[in-house]
Amino acid sequence: MNTKIILSEEQIPRQWYNIIPDMPGPLHPVISPRTLQPAKPEEMLAIFPPAILQQEMSTERWIDIPDEVRDIYRLWRPSPLYRARRLEQALQTPAKIYYKYEGVSPAGSHKPNSAIPQAWYNKQAGIRRLATETGAGQWGSSLALACSMFGLECTVYMVKVSCQQKPYRKSMMELWGARVNPSPSEFTNAGRTILAHDPECQGSLGIAISEAVEDAATHADTNYALGSVLNHVCLHQTVIGLEAKEQFKVAGDYPDVVIACCGGGSNFAGLAFPFIADRAAGRKVRAMAVEPASCPTLTKGVYAFDYGDTAKMAPIAMMYTLGHDFMPPGIHAGGLRYHGESPLVSQLYHAGEIEAKSYKQNACFEGAILFSRSEGIVPAPESSHAVRAAIDEAMLAKEEGKERTILFGLSGHGQLDMGAYDAYLSGNLEDYEYPEAKIREALERLPKICL
Ligand SMILES: Cc1ncc(COP(=O)(O)O)c(C=O)c1O
């Protein structure tokens, strides 16, 4: 059997899979941060184009991918599905391990799968500039790429600690023509307020979102684009799982468990939702979201209405949260440092439809290095969480002496994350304890919603 299963460009999906009609119950309304009542479409139209808003609430199971988007997807899609035989051998496991590799995109992760359609729909709506935030720099570079493809300007608020850890991500965004502001910045009220209280603030995804939303809301020619969390982003990412299902048909196999790391949830959703859909036809596939122990949104958070950002400018959603002003420790998986979680992923977790697990960063890097030494590819620190969980599933299969087919998402490569690997290899990578007191404190400030 081949090591890589590769589909033709003709097999790039023509439609995204929308899980909304297949959810275990009705969706909770999105709440306006101004009125604390269900948000009116006009409020959302100030920062999103109509086509994106339509997708956000659509109950159509299948949504067409525009030809212009598919044409750009052709640059790297379909992405390969690998059988990790060398890792299996290293682990001496009876389990079969497969991984879907999204690091082949120009930006090096799954993020362009949504950046391209978001830029396209905004261009169609006559928007001139997009504002966004970025944690690890993966989303910012993906949106910079997408904007350069469609001739849009792009402003990225990049979490300050990530700017320092990953200067070349910033260079990449600038190469694709974006303007990058380390966040918190002096360019917005949200940034200035935070800096007035804490001039040394290292930033967080929640703060950077506040800055980008404010930028979009205060400029008529500018919209906002979010790299995860929202329903339309999860929708766009389903190309990953849809392709993987076709690739499993070629392999004559099917996963018992699908594993993906989970920041805001779109990566997990993209890989897992199309498999979860198969349960209706009797498939017993498990789905596991993996997160950092220092930012344990699903495993230690509460299911409640909360703001999407620190400055309370972004809409309020029902989700697992650690509190909108929780400041996670500066771990190297910057893309997993978000206080909240996709409402769709949250609802599935609450209903017991998916599992979640958390790991400390040293355990993840240990897994990533074992993976690199057998499979070659250097995983992004975010993806290393999925690698770790897949290795543990394979070891469990060995202990139990059972066969098992494992699929995990290798959401990106880590070639611009070598500082993190250096820290691990020199024994200087800190493991943070679960910040219980900080989370308890942040949870006291959840908004009180009476509907
Ligand atoms: C490589 C990589 N994997 C996974 C994630 C988490 O993605 P999501 O927010 O879609 O869960 C990120 C976020 O930046 C990332 O860069």
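Residues numbered from 1 in each chain as written. Predicted model: local features only at pLDDT ≥ 70, side-chain atom pairs only at ≥ 80, totals over all residues.

Considering the sheet that holds strand β10 (residues 257–261)
The strand order across the open sheet formed by seven strands is β1-β4-β5-β15-β10-β11-β14, and the pairing between neighbours is mixed. Each having just a single partner strand, β1 (4–5) and β14 (355–359) make up the two edges of the open sheet. Examined bridge by bridge, strand β5 (residues 96–101) and strand β15 (residues 405–410) share six bridges and lie parallel to one another. Paired with tyrosine 101 across the bridge in β15 is leucine 410. Set on the sheet, helix α13 (residues 266–276) makes contact with β5, β10, β11 (286–292) and β15; between it and β10 the angle comes to about 165°. (Pairing = 2+ DSSP bridges. Helix = DSSP H or I, 4+ residues; strand = E, 2+ residues; numbered from the N terminus. Contact = placed C-beta atoms within 7 Å. Axes fitted to C-alpha atoms, helices over the stretch in contact; angles between N-to-C directions.)

Side note on the domain arrangement of the chain
Partitioning the chain into domains gives domain 1 (78–108 + 232–443) and domain 2 (112–226). Here the C-alpha centroids of domain 1 and domain 2 sit 24 Å apart. Taken residue by residue, the interface counts 32 residues in domain 1 and 28 residues in domain 2. (Domains from an automatic or database assignment.)

A word on the nonpolar core
In terms of nonpolar packing, the biggest core is built from 135 residues, with Leu143, Ile259, Ala260 and Ala272 touching the most fellow members. Taken domain by domain, this core gets at least three of its residues from each of domain 1 (78–108 + 232–443) and domain 2 (112–226). (Core = buried A, V, L, I, M, F, W, Y, C linked by C-beta atoms within 7 Å. Buried ≥ 20, exposed ≤ 12 C-beta atoms within 10 Å, placed from the backbone.)

Here we look at the packing of helix α12 (residues 239–251) against α13
Pairs of packed helices are described in terms of their axes, by the angle between the two and the distance that separates them. Here α12 crosses α13 at 55°, and the two axes come no closer than 6 Å. With respect to α13, the element α12 is oriented oblique. Of the two possible hands of crossing, α12 and α13 adopt the one that is right-handed. Contacts from Ile240, Gly241, Leu242, Ala244 and Lys245 in α12 reach Gly270, Leu271, Ala272, Phe273, Pro274 and Phe275 in α13. Per-class residue counts for the contact of α12 with α13 are eight nonpolar, two polar and one charged. (Parallel < 35°, antiparallel > 145°, perpendicular 65-115°, else oblique. Left-handed = near helix turned anticlockwise from the far one by under 90°. Nonpolar A, V, L, I, M, F, W, Y, C, P; charged D, E, K, R; others polar.)

A short note on the site of the ligand
Neighbouring the ligand are 21 residues, the closest being Gln138, Ser228, Gly263, Gly335 and Gly412. Among the elements of the structure, α6 (138–150) and α13 are those that each provide at least two residues to the shell around the ligand. Among the elements that line the shell around the ligand, the one with the most residues is α13, at three residues. When its residues are assigned to classes, the shell around the ligand shows seven nonpolar, 13 polar and one charged. Per-domain counts for the shell around the ligand show at least three residues from each of domain 1 (78–108 + 232–443) and domain 2 (112–226). (Near = placed C-beta within 6 Å.)

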